Amino acid sequence: MSAYVVVEATVRNQEARDRYAPQAAAIIKQAGGEVLASGKWELLFGETAYNNGLLVRFPDKETALAWYNSPAYRALHEIRGVALDCRFRLLG
């Protein structure tokens, strides 16, 4: 069964985000993930906490967790912290 990573984020530093995003996308692809949607949230109900979103599909939960915990992606955590205020969720 597919698993989905939902990322909610607000950009803190655009320059850092511009360095982080292409690297993160490449690692997602190498790990077998596919970005299904990204961009500004359109709030339908409730209160917003973050401005932007990303939806990534992985073949299964194990693959998603392997990507998130991989040395390649962990190497980006520092720049991610500068670039974004964010939350990651796993569904599936």
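For the structure, see preceding data.
When you go through the chain residue by residue, the secondary structure sums to 4 helices and 4 strands. Along the chain, helices and strands appear, N-terminal first, in the series β-α-β-β-α-α-α-β. Taken along the three principal axes of its C-alpha coordinates, the chain extends 30 × 30 × 15 Å. Expressed as a percentage of its 92 residues, the buried residues of the chain come to 27%. Of the contacts made within the chain by residues no fewer than 6 positions apart, 75% connect residues no fewer than 24 positions apart. Approximately 6,000 Å² of the chain is accessible, and the part contributed by carbon and sulfur atoms is 53%. On the chain, the mean spot of the 11 positive side-chain charges and the mean spot of the 10 negative ones are 3 Å from each other.

Moving on to the side chain of serine 70. Note on placement: serine 70 falls in the loop between helix H2 (61–68) and helix H3 (71–74). In terms of polar contacts, serine 70 uses its side chain to reach the backbone amide nitrogen of tyrosine 73, at 3.1 Å.

Once that is clear, we can look at the sheet that holds strand E2 (residues 34–40). In space, the 4 strands of this open sheet follow the order E2-E3-E1-E4, with antiparallel pairing throughout. Strand pairing shows two members of the sheet lacking a second neighbour, E2 and strand E4 (84–91), which therefore form its edges. Averaged over all adjacent pairs, the angle separating strand axes in this sheet is 15 degrees, with direction ignored. Here strand E1 (residues 3–11) runs beside strand E3 (residues 52–58); their pairing, made up of 7 bridges, is antiparallel. Residue pairing for E3: tyrosine 4 is matched across the bridge by arginine 57. Sitting on the sheet, helix H1 (residues 14–30) touches E1, E2, E3 and E4, and the angle it makes with E4 is about 20 degrees.

Reading the values: the criteria
- Residues numbered from 1 in each chain as written.
- Predicted model: local features only at pLDDT ≥ 70, side-chain atom pairs only at ≥ 80, totals over all residues.
- Heavy atoms only, no water.
- Helix = DSSP H or I, 4+ residues; strand = E, 2+ residues; numbered from the N terminus.
- Buried < 20%, exposed > 50% of the residue type's maximum accessible area, 1.4 Å probe, protein only.
- Contact = heavy atoms within 4.5 Å.
- Areas by Shrake-Rupley, 256 points an atom, 1.4 Å probe, with all protein chains shown as cover.
- Lys, Arg positive; Asp, Glu negative; His and termini not counted.
- Charge placed at Lys NZ, Arg CZ, Asp CG, Glu CD.
- Polar contact = N/O pair within 3.5 Å; in protein donor to acceptor, adjacent residues only side chain to side chain.
- Pairing = 2+ DSSP bridges.
- Axes fitted to C-alpha atoms, helices over the stretch in contact; angles between N-to-C directions.

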